[in-house]
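Structure assessment
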Amino acid sequence: MKHKFAVQLYSLRKELTKDFPGVLKELKKQGWETVQIDGLRGYTAEEVAAALKETGLKAVSMHANLDRLNNDLDNLIYEGLLFGTKDIFCSSELTNEEEVIYARNTLLNTAKKLNPLGFRIGHHNHDYEFRGSINGEMIMDYIVKPEGNLFLYPEIDTYWAKVGGADPFEYMKKFSGRIPMIHFKDMKSDLSLSYPESLAEIGTGCIDFLPFLKWGEKNGIESYIVEQDVSALSGGMLESMAVSLENLIKLSEQL
């Protein structure tokens, strides 16, 4: 199942700005087979697509903020088709009720336009989505609630759900068959640490990812996407990604 382990390229945003093709080559050497696109980092979409093709890495999905979903949708469609993916998740961090309502409306409008083209639209959570409610519903539930024949897909981030006070594994189980991708992000066991010091490589923190893999393989998860915002290792984020992949492969061997 190694092909289901993907790198969220936001993790390597600094490195990609300097050498997008070079970073993809290093990821391929480590054994990664798929990535999630998060911006072009100063390169053209055609250059990024060429680098993907050269390395053989597959783009499983894309992140886009609310501004792009509202004002740059044609280019997002073009990039998705160029990169070979029709999955787009909103990456904007929400901080108040007005932003939440705006985000849901944007996602529904985007789904209405793009669903006929075969695209799936969803939302990537931070901690705020688990800290409050709207109309008696948890904010994350409110955002991804279907409307008519429009379905929105939750892309649960394990770290941020935990920071928000939720049990990410139990929450995920509500979405059997409706959660194609999940963000694996680990947290150090020292609960006195806060973001970003509390971030950890997969398998080195306090989140047990084996239950996620077991459940995911039975309930339609297509990609387990590793994201780590900062690295404290001497080899930087590329070393962090190598550690995470090694540990994920070891976990998958227990399935």
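Up top is the structure.
On a predicted model such as this, the values are computed, not experimentally measured, just so you know. (Residues numbered from 1 in each chain as written. Predicted model: local features only at pLDDT ≥ 70, side-chain atom pairs only at ≥ 80, totals over all residues. Heavy atoms only, no water.)

Considering the overall build of the protein
What counts here: The numbering of helices and of strands both runs from the N terminus, where a helix is a DSSP run of H or I of at least 4 residues and a strand a run of E of at least 2. Note that the radius of gyration is over C-alpha atoms, with the globule rule given as 2.2 Å times the number of residues to the power 0.38. Only protein chains enter the area calculation, which uses a 1.4 Å probe; residues under 20% of their type maximum are buried, those over 50% are exposed, and those in between are partly exposed.
Looking only at helices and strands, one finds 10 helices and 12 strands in the protein. Taking 2.2 N^0.38 as the reference for a compact globule, 255 residues should give roughly 18 Å; the C-alpha atoms of the protein span a radius of gyration of 17 Å, in line with that estimate. Dimensions of the protein, computed from C-alpha atoms along their principal axes, come out at roughly 45 × 45 × 30 Å. Expressed as a percentage of its 255 residues, the buried residues of the protein come to 53%.

Focus: the sheet that holds strand β8 (residues 152-155)
Quick note on the threshold: Should DSSP find at least two bridges between two strands, the strands are taken to pair. Angles run from 0 to 180 degrees between N-to-C directions of axes, and those axes are lines fitted to C-alpha atoms, restricted for helices to the stretch in contact.
An order of β8-β5-β4-β3-β2-β1-β12-β9 is seen for the eight strands of this open sheet, with the pairing classed as parallel. Both outer strands of the open sheet, β8 and β9 (181-184), are each paired with one neighbouring strand and no more. The average undirected angle you get between the axes of adjacent strands in this sheet is 30°. Bridge count for strand β4 (residues 87-90) against strand β5 (residues 120-124) is four bridges, and the pairing is parallel. Bridged to D87 within β5 is R120.

Topic: the environment of Y171
The line we're drawing: The contact criterion used is simple: two residues touch if any of their non-hydrogen atoms lie within 4.5 Å.
Topologically, Y171 is positioned in helix α8 (residues 168-172). Exposure remark for Y171: the relative accessible area of 6% places this residue in the buried category. Sequence-wise, Y171 and T158 are 13 residues apart; in three dimensions their C-alpha atoms are separated by 9.8 Å. Ignoring anything within four residues of it in the chain, the contact list for Y171 reads F130, M138, M140, D141 and I156.

With respect to the nonpolar core
Heads up, the rule is: Here, nonpolar core means buried Ala, Val, Leu, Ile, Met, Phe, Trp, Tyr and Cys residues that are tied together by side-chain atoms lying within 4.5 Å of each other.
By size, the foremost hydrophobic cluster in this structure holds 77 residues, and its most contacted members are L9, L27, F83 and F184. Top contributing element to this core by residue count: helix α5 (residues 97-114), with six residues. When neighbours within four sequence positions are excluded, F184 is seen to be in contact with T158, I202, F209, F212, L213, Y224, I225, V226, E227 and L248.

Points about the pairing of β5
Defined as follows: By convention a crossover is right-handed if, when the strands point away from the viewer, the path from the first strand over the helix to the second runs clockwise.
Burial runs high along β5: four of the five residues are buried. Handedness of the crossover joining β4 and β5 through α5 is recorded here as right-handed. Where β5 meets β8, four bridges bridge the pair, whose relative direction is parallel. Across the sheet, residue G122 finds its bridge partner in β8, namely Y153.

Re the side chain of T106
Our working rule: Any pair of nitrogen or oxygen atoms within 3.5 Å is treated as a polar contact; in protein, a donor-acceptor pairing is required on top of that, and neighbouring residues in sequence qualify only through side-chain atoms on both sides.
Turning to its location among the elements, T106 is positioned in helix α5. On the accessibility criterion, T106 (3% relative accessible area) is buried. Polar contacts involving the side chain of T106 include one to the side chain of N70, which spans 3.1 Å. What T106 contacts, discounting residues up to four positions off in sequence, is L66, L69 and N70.

By themselves these figures say nothing about function.
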